[in-house]
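Coordinate inspection notes
This is what each chain is made of:
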Amino acid sequence: MFRTKTCGELRISNVGEEVTLAGWVQRARKMGGMTFVDLRDRYGITQLVFNAETNADLCEQSNHLGREFVIQVVGTVNERSAKNSKIPTGDIEIIVNKLNILNVSDVPPFTIEDESDGGDDIRMKYRYLDLRRNPVRRNLELRHKFAFEVRRYLDQQGFLEIETPVLVNSTPEGARDFVVPSRMNPGQFYALPQSPQTLKQLCMVAGIDRYFQICKCFRDEDLRADRQPEFTQIDCEMSFVEQEDILQMFEGMSRHLFKTILNIDIPTLPRMTWANAMKFYGSDKPDTRFGMEFVELKNVQPDNASREIVESIFPEGFSVFDGAAYIAGICCEGQAVYTRKQLDQLTDFVKRPQVGAKGLVYARVQEDGSVKSSIDKFYAPEVMKQVADKMNAKPGDLILILSGDDAMKTRKQLCELRLEMGARMGLRSKDKFSCLWVIDFPMYEWSDEEQRLMAMHHPFTSPKPEDIPLLDTDPASVRANAYDMVINGVEVGGGSIRIHDAKLQQKIFEILGFTPEQAQLKFGFLMNAFKFGAPPHGGLAYGLDRFVSLFAGLDSIRDCIAFPKNNSGRDVMLDAPGKLDQSQLDELCLAIDIKE
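Here goes a summary of the coordinates provided. Keep in mind the model is a prediction, meaning the values are calculated, not measured. The residue numbering used here restarts from 1 in each chain and proceeds along that chain's sequence as written. Owing to the predicted nature of the model, reporting of local features is limited to residues with pLDDT of at least 70; listing and counting of side-chain atom pairs is limited to 80 or more, with chain, interface and lining totals taken over all residues. In computing side-chain properties, one takes all heavy atoms of the structure into account and sets aside hydrogens as well as water.

1. Things to note about the packing of helix 5 (residues 197–205) against helix 14 (residues 516–530)
Inclusion rule: For helices, the axis comes from a line fit to the C-alpha atoms of the stretch in contact; other axes are also lines fit to C-alpha atoms, and the angle between any two N-to-C directions lies between 0 and 180 degrees. Numbering goes from the N terminus for both helices and strands, where a helix is a DSSP run of H or I of at least four residues and a strand is a run of E of at least two. For classification purposes, an angle smaller than 35 degrees is called roughly parallel, one larger than 145 roughly antiparallel, one from 65 to 115 roughly perpendicular, and anything else oblique. Working rule for handedness: look at the near helix, and if it is turned counterclockwise from the far one by less than a right angle, call the crossing left-handed; if clockwise, right-handed. Only heavy atoms enter the contact rule, under which two residues are in contact if any of them lie within 4.5 Å. Amino acids outside the nonpolar list (Ala, Val, Leu, Ile, Met, Phe, Trp, Tyr, Cys, Pro) and the charged list (Asp, Glu, Lys, Arg) are all regarded as polar, and Gly is one of them.
Two elements in contact, helix 5 and helix 14, have axes whose closest approach is 10 Å; the angle formed by their N-to-C orientations is 20°. Of the possible angle classes, the one that applies to helix 5 and helix 14 is roughly parallel. Where helix 5 crosses over helix 14, the two elements pack in a sense that is left-handed. Here Thr 198, Gln 201, Leu 202 and Val 205 of helix 5 come into contact with helix 14, specifically with Phe 525, Leu 526, Ala 529 and Phe 530. Class assignment for the residues of the contact of helix 5 with helix 14 results in six nonpolar, two polar and no charged.

2. Topic: the pattern of salt bridges
Quick note on the threshold: The salt bridge definition used is simple: a Lys or Arg side-chain nitrogen within 4 Å of an Asp or Glu carboxyl oxygen. Exposure is judged per residue with a 1.4 Å probe applied to protein chains only, and the accessible area is read against the type maximum: over 50% gives exposed, under 20% gives buried, and values in between give partly exposed.
Under the defined criterion, the tally for this structure stands at 42 salt bridges. Taking the shortest distance from any N to any O, the salt bridge between Arg 27 and Glu 113 comes out at 2.9 Å. You can see Arg 27 sitting in strand 1 (residues 18–31) and its partner Glu 113 sitting in the loop between strand 5 (92–103) and helix 2 (120–125), a full 86 residues away along the chain. Judged by relative accessible area, which is 21%, Glu 113 ranks as partly exposed. Measuring nitrogen to oxygen at the nearest pair gives 2.9 Å for the salt bridge that ties Arg 479 to Asp 467. Of this pair, Arg 479 sits in the loop between helix 12 (470–473) and strand 20 (482–487) while Asp 467 sits in the loop between strand 19 (452–455) and helix 12, and the two are 12 residues apart along the sequence. Among the residues examined, Arg 479 registers a relative accessible area of 29% and is labelled partly exposed.

3. A look at the pairing of strand 10 (residues 230–239)
To be explicit about the condition: Two strands qualify as a pair provided that DSSP identifies no fewer than 2 bridges between them.
Burial runs high along strand 10: nine of the 10 residues are buried. Across seven bridges, the pairing between strand 10 and strand 22 (residues 537–543) is antiparallel. Each residue of the ladder has a partner; that of Gln 233, found in strand 22, is Gly 543.

4. A look at the sheet that holds strand 11 (residues 271–273)
Read across the sheet, eight strands follow the order 6-9-10-22-21-20-17-11 without closing on themselves; strand pairing throughout is mixed. One side of each edge strand has no neighbouring strand; the edge strands of this open sheet are strand 6 (160–161) and strand 11. Strand direction decides the pairing type here: strand 17 (residues 435–439) and strand 20, joined by five bridges, are antiparallel. The partner of Val 438 across the bridge, within strand 20, is Asp 484.

5. A short note on the packing of aromatic side chains
We count it as follows: Any pair of Phe, Tyr and Trp rings, taking the six-membered ring for Trp, is counted once the centres come within 6.5 Å. Such a pair is stacked with planes under 30 degrees apart, edge-to-face with planes over 60 apart, and tilted for the rest. Comment: the charge-over-ring label is applied if NZ (Lys) or CZ (Arg) is within 6 Å of the ring centre and within 35 degrees of the ring normal.
Counting across every chain of the model gives 21 aromatic pairs. Between the aromatic rings of Phe 258 and Phe 433, the centroid separation amounts to 5.3 Å while the plane-to-plane angle is 70°, which identifies the pairing as edge-to-face. Here the residue Phe 258 occupies a position in helix 6 (residues 243–262), and Phe 433 occupies one in the loop between helix 11 (407–424) and strand 17, the gap between them amounting to 175 residues. Given the relative accessible area of 19%, Phe 433 is considered buried. For the pair Phe 314 and Phe 321, a centre-to-centre distance of 4.7 Å together with 50° between the ring planes defines the contact as tilted. Residue Phe 321 is classed as buried on the basis of its relative accessible area, which comes to 3%. By way of ring pairs, the aromatic residues Phe 146, Phe 159, Phe 250, Phe 258, Phe 433, Tyr 542, Phe 547 and Phe 551 are connected into one cluster. Sitting over the ring of Phe 290, Arg 418 keeps its end group 4.0 Å from the ring centre.

6. Section: the state of the cysteines
Cut-off, in case you're wondering: What counts as a disulfide here is a pair of cysteine sulfur atoms lying within 2.5 Å.
Here the structure, examined in full by the defined rule, presents zero disulfides. The thiol of Cys 217 is unpaired, and the distance to the nearest cysteine sulfur, on Cys 215, comes to 4.0 Å.

7. A word on the nonpolar core
We apply this condition: Nine residue types can take part in a nonpolar core, namely buried Ala, Val, Leu, Ile, Met, Phe, Trp, Tyr and Cys, and a core is a set of them joined through side-chain atoms within 4.5 Å.
Residues Phe 146, Leu 154, Phe 250, Trp 437, Ile 487 and Tyr 542 are the most contacted members of the largest nonpolar core, which totals 40 residues. For this core, the element with the highest residue contribution is helix 6, accounting for eight residues. Discounting chain neighbours no more than four positions away, the residues touching Trp 437 are Leu 247, Phe 250, Glu 251, Leu 269, Pro 270, Arg 271, Met 272, Tyr 483, Asp 484, Met 485, Leu 540 and Tyr 542. Core analysis: the second largest hydrophobic core is formed by 31 residues, Phe 441, Ile 508, Leu 526 and Met 527 among them.

8. Quick notes on the sheet that holds strand 13 (residues 326–332)
One open sheet accounts for five strands, arranged 12-13-16-14-15; its pairing is antiparallel. Looking along the sheet, the strands with just one partner apiece sit at the ends: strand 12 (295–299) and strand 15 (371–373). Direction aside, the axes of adjacent strands within the sheet are offset by 20° on average. Of the strand pairs in this sheet, strand 14 (residues 361–365) and strand 16 (residues 398–404) are connected by four bridges, and their pairing is antiparallel. Each bridged residue has a counterpart across the sheet, and for Arg 364 the counterpart in strand 16 is Leu 398.

9. Topic: the pairing of strand 22
By the criterion of burial, strand 22 is predominantly enclosed, with seven of the seven residues buried. Because side chains alternate across strand 22, one face comprises the buried residues His 537, Gly 539, Ala 541 and Gly 543, and the other comprises Gly 538, Leu 540 and Tyr 542, equally buried. Of the strand pairs in this sheet, strand 21 (residues 490–497) and strand 22 are connected by five bridges, and their pairing is antiparallel. Bridging from a neighbouring strand, Gly 495 pairs with Leu 540 of strand 22.

In structure tokens:
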């Protein structure tokens, strides 16, 4: 038996017991005639004591232990004279009477401690060592518990966990596919699934009624902190449901996860239309941990978000505002103390290419209620006072205003400014959770690249019943029966009611520019299945990586994935992707000229 106890379970009640432990050497310290070794395993750290007075040979052997040596010891649990309150085993130590070195170790490239001296690149290269560290291991333990509770909740609600294929056909719309050449079918390719969307719909046609799967999905797209080329999805589908049934079911699951994992009771989730999310926050995933909603000061272009024209509060006189189609601002409570240097920094922030604004207008509300702004020379004092009143600004508040010739673009710029101010004001605490549903998304969005309407979600999303007549007259204004769950400004999941009528599905394909032949070629299997009695159905999918990273308070989903890719989509530990031998390429009928 390699061990009778783990390195994290011994307590003062175990004093006097003989135990066998096994693990890795965290560190060793020689003090006079004694050597102290911290032994670590997944469960914790226990201090070992080697005493030269009682066993000189054993103590001499312990002096040659290096970091990360794998050892086994037999000894007696003893009460420590100098206790360590920082670890659970800090009241005891092991007086060692037998040492067995199971494996030696090279000096690790970084310290295997909570606060490591290794940078991201080196820790990614030696990820198996990074996983020995407590913070990383805790993230994986949280991920395990999260997935376990998902399965437990859905099982109790009558869902069946069903695996769907990983080698599927490539489909248009959405992100780029990862493709896999078929040796047995030369010149033909599988695609790795971006999601099991059509397959779970076929499960509904098959009468499964309630399906779920915690599955790998793949998207060949540019990476960010919340994206990986392969990611894990909690994929769900239900039959004989309307939108309300799905929102209630999965709001219940979220409540279950918050309670069982974080011991947090979340309130009933508010619901916000996509139009209001864009109008007041400039984002379809608004961070509602704090207010600072947009106040429109000018909007002379009606759009699908608001369908209204707001008269400008500004008279002519300032050419930037005169020529703008949209002007809006935010009120930052208590921030009139901002210095000119800080305001210049904010101006530089909004001018960054990632934001793209041309400039920033600011105004401070003085203690006497008067307003001092960066555009005072263009307007009478009562104009800026009117702006402050419209924005409910109080003495001591700071008003920040952006303008532009495109409402949607300017809203997104103001969104970035709002998030930056929220962070500066300490309003985006990772310990606070604000959840909501965003509903009534547009069915379509215009693609400048494709010069056509594209499905905002996917082509199987059902339009809202009352908007179906608009498919023939004004498809761009059609709303979808779609919904997203947003937590702290992060979209953790989304879904829709699906189309279950073959004729309506064909209509949607036509609007998206598919000929009947193209639709049949790509989606014939699904449309043919609908001819055999498809039930009304809908579902959603959660990003497990994103959800877990929120619970763990992480800045990147990489930190809750055992073996993630870097920002270039590479696995630097496995050195993947890599080149294939010419013989392999020939076998796959791939004519690629390999050059060193």
